[in-house]
Amino acid sequence: MAQTTAGPPETRKAGTSSSGAAGLIGLGAGIAMLVAAGLTVLTGARPAILLGLPDPGELTTVALPAVRSLSEVAMVLTIGFLLSAAFFVPPQKGGYLDVSGYRAVRAASWTASAWFVCAVLLVPLNVADTMGRPVSDVLSPGLLVNLVPKISAATAWSLTSVIALVVLVACRLVLSWGWTVVAFGLAVAGPLPVSLTGHSAAGGSHDVATDSLVLHVLGASLWVGGLAAVLVLASSRTNRDRATALSTAVPRFSALALVCWGVLAVTGVVNALVRVPLSALFTSGYGALVVAKSVALILLGVLGALHRRRTVAAAAAGRTKALVALGGVEILLMLGTIGLAVALGRSAPPDTGAPPPSITEAVIGYDLDGPPTLMRLLFDWRFSLIYGSLALLMAALYVVGIRKLRRRGDSWPVGRTIAWLCGCAVVLLATSSGVGRYAPSMFSVHMGQHMMLAMLAPILLVLGGPVTLALRALPPAGRDRPDGPREWILAAVHSPVARWLTHPLITLPLFVGSYYVLYFSSLFETSLNEHWAHLAMNAHFLLVGWLFFWPLIGIDPSPRRLPAVARLGVVFASVPFHAFFGVALMSSNEIIGGTFYRGLGLPWVPDLMQDQKLGGGLTWASGEVPLLLVIIVLLIQWSRHDERSARRDDRRADADDDADLKAYNAMLNRLATGTATSVANDDDLAKVAAVTVSDERQPPETSDAAGEVPGADVRAGQDESGAPRPR
């Protein structure tokens, strides 16, 4: 990341940012703080008093929502500026940021500074609010060190401050496009600690509420931050490349904004329905805030439609007056809505008179109707907003890519389509069917889900060849156009990070070693009470499985192509570790997660040890079947490679009338008769050796039904020397 010693001179001549746009954003931040603090005071929101604790005082009551709203404004601005530098503004040919991108990263460093300071301030404020004491009473370092780990909100803001600090340092160091993308990824992770442990993470249906809140906050961050970055870019008058940057940034942001608005609308409705019934929308203060936020979202949608009709084309052509004027109104409304959302988070949902939730509902978010019979596992669904939506989105994008190929007359193998759609179906079933519903409450079902996500789904997905499909379906940017999604995919495949992550010495320990670390330590039992930990485990299973199987049997071009024998060796090396893990679960005398499962007290699980043995048996049995499938696929691919090599040799023989074979036979004849000189023999031996080495060095190909080699797609993204484009 420390690439500060080099860089073209023009990256240092960034120019000054528009004071008008900065002043407008500052005004919006002030509005957000006033709205958050004012509504908190007017509505009388006092969470500590509702919990039977003393009032922490007016300073904490007012300062906490005001500082939090400022923190969230700084956060979304940081995300937006890095989004602009990474994907809206094209870099220079050498891979360094251009003037507009460098300015955006520098602006992100200043907003990240504000984000970090606010996050640090929110730690003692949340401790004081939770303890019901004035903030001056909890400023002792020793007291904070003791209390922060015990208070989820304070812990979340501590993690957020660390992320903000890392992003700040990254923004001061990076000059290249690739590391800017990494910094953007870190910034996007910033909202997660607070979103996953906020008020939506408690009470009934907290799984749905938390998932919807995470998607809601991420969508809002990209939308609001992206608009602010585009406004700053459009308001700049000293950047000579402004028109070129706008021609790329404005259309891309317009498409992103439409997607974000849809995400906000759906997740906002879901989160509101979980927390407040329809009858209480107009009869409670909480409902009034929900209605106000919904009205603001509708107004923002109207403004977005006006943008698409009146300002996008003109701004892309360099005429930015209408964009700045309309965007200024939109950004003020957006930042004010952030303050409204903070005030909503400080308010308690209305009391509906429902009975208190059961232990199961309070712990995992919902009740279970009975033991996990086969019918319940298949048809007792609870849709996962994150992984269920991801599975449907992956399937839809894959089908769209196939349709694009067929419209231009290209074909795509049916087998790959079946494999990908089946992989998406496995992810959907593992997270949204009865398997996903019962997995948080029973160890045996959890292990079944684990095997589906870590073993079966990744195998099917890598056999679908999604990268190859994307490279064929997406149009290339062209030499004189900025890089687009196709070039971004190529850069990711060729990146040093991808090459490092796909090394067998990395993937094998991650794939088999993470089982032992997770289940034979206190990590698993500690994570059982947290919904975010279940989300993280599922993400880990999918990603590690993908990284392990991609270079082994994947259709897509891998950054590290292994010989067939090495791939087979890696598979065989994983088998004993996986089998021993299942046996260890079955023979263990200690119940894994026993405290959590005993607390649930499910009547159909009277013997936790027996349930654990069942989970170990499922792990051992279900794990061997996918590995056997991998071995079969490897053997088939190996056989097809030999057949292609033979066909290639036949084509070459037809082209030169078997010149190599004739030379080889002639050499053997001279050796047998002794009529050739030693010099001639040496020449013939050299020719045969050269042909043999040439054949051995042919890379393994994976041809589809149309006869196209996926490697050709990757080579199309290289420069004239055959090397990947610099990043």
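Note that the structure is predicted; figures quoted are calculated from it, not measured.

**Re the packing of helix H18 (residues 443–463) against helix H25 (residues 564–587)**
Running from N to C, H18 and H25 cross one another at 175 degrees; their axes reach a closest spacing of 14 Å. Viewed along their axes, H18 and H25 adopt a mutual orientation that is roughly antiparallel. Counted together, Phe 443, Met 447, Met 451 and Met 455 of H18 and His 578, Phe 581 and Leu 585 of H25 form the full contact between these two elements. Here the residues of the contact of H18 with H25 sort into 6 nonpolar, 1 polar and no charged.

**Points about helix H16 (residues 414–432)**
Side chains three or four residues apart in an α-helix point the same way, a direct result of the helix having 3.6 residues per turn. The terminal C-alpha atoms of H16 lie 26 Å apart, and with 19 residues this matches the ideal 27 Å at 1.5 Å per residue to within 8%. Turning to H16, its buried residues number three or more, namely Arg 416, Thr 417, Ala 419, Trp 420, Gly 423, Cys 424, Val 426, Val 427, Leu 428, Ala 430, Thr 431 and Ser 432. Buried residues along H16 sit in contact with helix H15 (387–407), helix H17 (434–438), H18, helix H19 (466–473) and helix H24 (531–553).

**Some remarks on the side chain of Thr 210**
Here Thr 210 lies in helix H9 (residues 206–235). Exposure remark for Thr 210: the relative accessible area of 1% places this residue in the buried category. Side-chain polar atoms of Thr 210 contact the backbone oxygen of His 206, separated by 2.6 Å.

**Focus: the environment of Leu 306**
In this fold, Leu 306 is placed in helix H11 (residues 285–316). For Leu 306, a relative accessible area of 26% translates into the label partly exposed. Sequence separation between Leu 306 and Leu 326 is 20 residues, and the spatial gap between their C-alpha atoms is 8.5 Å. Apart from residues lying up to four places away in sequence, Leu 306 is in contact with Thr 311 and Leu 326.

**A word on the pattern of salt bridges**
Using the criterion set out here, one finds 4 salt bridges in the structure. Between Glu 72 and Arg 68 there is a salt bridge, with the nearest N and O atoms lying 3.0 Å from each other. Within this pair, Glu 72 and its partner Arg 68 are both found in helix H3 (residues 58–88), separated by 4 residues, close to a single helical turn. Among the ionic pairs, Arg 408 bridges to Asp 410, the shortest N-O distance being 2.7 Å. For Arg 408, a relative accessible area of 45% puts it in the partly exposed group.

Cut-offs applied
- Residues numbered from 1 in each chain as written.
- Predicted model: local features only at pLDDT ≥ 70, side-chain atom pairs only at ≥ 80, totals over all residues.
- Heavy atoms only, no water.
- Axes fitted to C-alpha atoms, helices over the stretch in contact; angles between N-to-C directions.
- Helix = DSSP H or I, 4+ residues; strand = E, 2+ residues; numbered from the N terminus.
- Parallel < 35°, antiparallel > 145°, perpendicular 65-115°, else oblique.
- Contact = heavy atoms within 4.5 Å.
- Nonpolar A, V, L, I, M, F, W, Y, C, P; charged D, E, K, R; others polar.
- Expected span 1.5 Å × (residues − 1).
- Buried < 20%, exposed > 50% of the residue type's maximum accessible area, 1.4 Å probe, protein only.
- Polar contact = N/O pair within 3.5 Å; in protein donor to acceptor, adjacent residues only side chain to side chain.
- Salt bridge = Lys/Arg side-chain N within 4 Å of Asp/Glu carboxyl O.

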